[in-house]
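# Fold and contact review
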Amino acid sequence: MSSGLHDRIARVIKRIPRGRVATYGQVAGLAGSPRAARQVVWVLNARSEKDRLPWHRVINSQGKIGLRPGDGYELQRALLVDEGLVFENDRVDLSRFQWRPRNSIV
DNA sequence: AACCTGACTTCGG
DNA sequence: TCCGAAGCCAGGT
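These lines cover the structure that appears in this document, whether it is placed above or below. (Residues numbered from 1 in each chain as written. Chains lettered and ligands numbered in written order. Predicted model: local features only at pLDDT ≥ 70, side-chain atom pairs only at ≥ 80, totals over all residues. Heavy atoms only, no water.)

## A closer look at unusual backbone geometry
Of note in the backbone geometry, Arg 52 takes a positive phi value of approximately 50° without being a glycine. By the element assignment, Arg 52 lies in the loop between helix H3 (37-47) and strand S2 (58-59). We classify Arg 52 as exposed; its relative accessible area is 74%. Backbone geometry at Asp 90 places phi at a positive 65°, although glycine is not the residue there. For Asp 90, a relative accessible area of 42% corresponds to the partly exposed category. (Helix = DSSP H or I, 4+ residues; strand = E, 2+ residues; numbered from the N terminus. Buried < 20%, exposed > 50% of the residue type's maximum accessible area, 1.4 Å probe, protein only.)

## What to know about the protein's contact with DNA strand C
The local shell around DNA strand C consists of His 6, Arg 35, Arg 38, Gln 39, Trp 42 and Arg 91. Each atom of DNA strand C within 4 Å of the protein was assigned to sugar, phosphate or base; sugar and phosphate come to 67%. Between DNA strand C and Gln 39 there is a distance of 2.4 Å, counted from a base oxygen to a side-chain nitrogen or oxygen. Trp 42 is positioned with one of its side-chain polar atoms (N or O) 3.3 Å from a sugar or linking oxygen of DNA strand C. With three residues, H3 is the single largest residue contributor to the surface near DNA strand C. Here the surface near DNA strand C is composed, by residue class, of one nonpolar, two polar and three charged. (Near = heavy atom within 4 Å. Polar contact = N/O pair within 3.5 Å; in protein donor to acceptor, adjacent residues only side chain to side chain. Nonpolar A, V, L, I, M, F, W, Y, C, P; charged D, E, K, R; others polar.)

## Let's talk about the side chain of Ser 48
Inspection of the secondary structure puts Ser 48 in the loop between H3 and S2. On the accessibility criterion, Ser 48 (13% relative accessible area) is buried. Of note is the side chain of Ser 48, whose polar atom sits 2.6 Å from the backbone oxygen of Leu 44. When sequence neighbours within four positions are dropped, the list of residues in contact with Ser 48 reads Val 43, Leu 53 and Trp 55. (Contact = heavy atoms within 4.5 Å.)

In structure tokens, the structure reads:
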């Protein structure tokens, strides 16, 4: 059973637990389209509010926040810090905070 | 249909 | 470790 890629991406994002983060590529992969990292961005912009997605839990493969200072960076970082993530030089340690889902069925 | 755009990713230097 | 280039997908113009 499967819906459109965007719906699957949105569902994956909703599953990211508090205190953990997922990378764009990881979300795309869990949604069944490993090369569609940019579609994750599209979904975040188009549906974060409407679908109440935990948008702040998605960061890039380097453990950094994609949003730029003055354009959401501060808010995202603050939200993550609230959830217990630790930033060192503008990045989080993925080996420590990356979400590792047990069942990846979408 | 061509071309641009983006909260990306990987790879090479 | 830090860029830049190239590859990537799909929506918008």
